[in-house]
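Remarks on the overall topology
Here's the letter readout for the chains.
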Amino acid sequence: MTSLRADAARNRALLLATARQAVASGDLSLQLNEMARRAGMGVGTAYRHFPTRRALLEALAEPAFAAVLDGAQTASLHDDPWTGVEILLRALLLQQLADPAFAEVIASPATDDAIPQTTAQRDEFTALAGTVLARARETGALRPGLTDEDLHHLVCGTAFALGLGSSPVARVDAYLRVLLDGVAGKAE
């Protein structure tokens, strides 16, 4: 992103803070007109920063994407391929639970990306995850026949299922264990 004037940077930060409050209260609609009104600025200002709801959503998800990339990097460097899979899937699951904006972005296809940075982060995650999963496949730690896309869908589904409960974070370990048991190959 190019450098913004001080007032433009403040407006962008205010829009993001307003949108974060909306998401925290359970409102993922992120209607730009409403976000502008709540932030006390004109609609044109809001649209200059975020031309679509999707662009705003992706900007909100950026910190979670960065955290998932850190987890994927850690997973890719782990000596034990199966532990790498555990680290990867846990990082992806926890960020989906922590950030509904990220959960929506990561569950949708890359063709929906509105911001080039999102596509770059998605590509980096895909490459790191591919490395982790390939290592696990090579050692037989991962169930044969499961694609990277299958695992992605399973984690997104697990996050959705956890979100249906009253205390999803408290149940993460149990759900993750079931998921890992289900995707483990004969070596595990």
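Residues numbered from 1 in each chain as written. Predicted model: local features only at pLDDT ≥ 70, side-chain atom pairs only at ≥ 80, totals over all residues. Heavy atoms only, no water.

The name given to the protein chain in an unreviewed UniProt entry is TetR family transcriptional regulator, with Planobispora longispora as the source organism.

1. Re the UniProt feature "domain: HTH tetR-type" (unreviewed entry) in the protein chain
Look at the UniProt record and you will see "domain: HTH tetR-type" (unreviewed entry) annotated at residues 8–68. As a span, residues 8–68 carries 79% helix and 0% strand, and end to end its C-alpha atoms are 29 Å apart. (UniProt positions renumbered as here; feature names shortened; annotations may be inferred. Helix = DSSP H or I, 4+ residues; strand = E, 2+ residues; numbered from the N terminus.)

2. Regarding the side chain of serine 108
In this structure, serine 108 sits in the loop between helix 6 (100–107) and helix 7 (116–138). For serine 108, a relative accessible area of 14% translates into the label buried. A distance of 2.8 Å separates a polar side-chain atom of serine 108 from the backbone oxygen of valine 105. Aside from chain neighbours lying at most four places away, what touches serine 108 is Arg54 and Arg122. (Buried < 20%, exposed > 50% of the residue type's maximum accessible area, 1.4 Å probe, protein only. Polar contact = N/O pair within 3.5 Å; in protein donor to acceptor, adjacent residues only side chain to side chain. Contact = heavy atoms within 4.5 Å.)

3. Remarks on the packing of aromatic side chains
Under the counting rule described, the total for this entry stands at one aromatic pair. Between phenylalanine 65 and phenylalanine 102, the aromatic rings sit 5.1 Å apart at their centres with planes inclined by 85°, giving edge-to-face as the arrangement. Of this pair, phenylalanine 65 sits in helix 4 (residues 53–77) while phenylalanine 102 is found in helix 6, placing the two residues 37 residues apart along the sequence. Grouping residues by exposure puts phenylalanine 65 and phenylalanine 102 together as buried. (Phe/Tyr/Trp six-rings, centres within 6.5 Å; stacked < 30°, edge-to-face > 60°.)

4. Side note on the packing of helix 8 (residues 148–163) against helix 9 (residues 172–183)
Where helix 8 contacts helix 9, the axes come no closer than 11 Å and their chain directions differ by 155°. Here helix 8 is positioned roughly antiparallel relative to helix 9, judged by the angle of their axes. When the axes of helix 8 and helix 9 are compared, the crossing they make is right-handed. Between helix 8 and helix 9, the contacting residues are Leu151, Leu154, Val155, Thr158, Ala161 and Leu162 on the first element and Val172, Tyr175, Leu179 and Val183 on the second. Counted by class, the contact of helix 8 with helix 9 contains nine nonpolar, one polar and no charged residues. (Axes fitted to C-alpha atoms, helices over the stretch in contact; angles between N-to-C directions. Parallel < 35°, antiparallel > 145°, perpendicular 65-115°, else oblique. Left-handed = near helix turned anticlockwise from the far one by under 90°. Nonpolar A, V, L, I, M, F, W, Y, C, P; charged D, E, K, R; others polar.)

5. A few points about the environment of leucine 60
As for its placement among the helices and strands, leucine 60 is situated in helix 4. Here leucine 60 falls in the buried class, since its relative accessible area comes to 4%. Taking the C-alpha atoms as reference points, leucine 60 and phenylalanine 102, 42 residues apart in sequence, are found 7.5 Å from one another.

6. Considering the pattern of salt bridges
With the rule as written, the count across this model stands at twelve salt bridges. For the salt bridge of aspartate 7 with arginine 5, the shortest nitrogen-to-oxygen distance reads 2.9 Å. Of the residues examined, aspartate 7 reaches a relative accessible area of 32% and is grouped as partly exposed. The exposure class assigned to arginine 5 is exposed, which follows from its relative accessible area of 60%. The salt bridge partner of arginine 38 is glutamate 34, with a shortest N-O separation of 3.0 Å. In this pair, arginine 38 and glutamate 34 are both assigned in helix 2 (residues 32–39), four residues apart and thus about one turn of the helix distant. Residue arginine 38 is classed as partly exposed on the basis of its relative accessible area of 40%. Through salt bridges that share partners, Asp27, Glu34, Arg37 and Arg38 make up one connected network. (Salt bridge = Lys/Arg side-chain N within 4 Å of Asp/Glu carboxyl O.)

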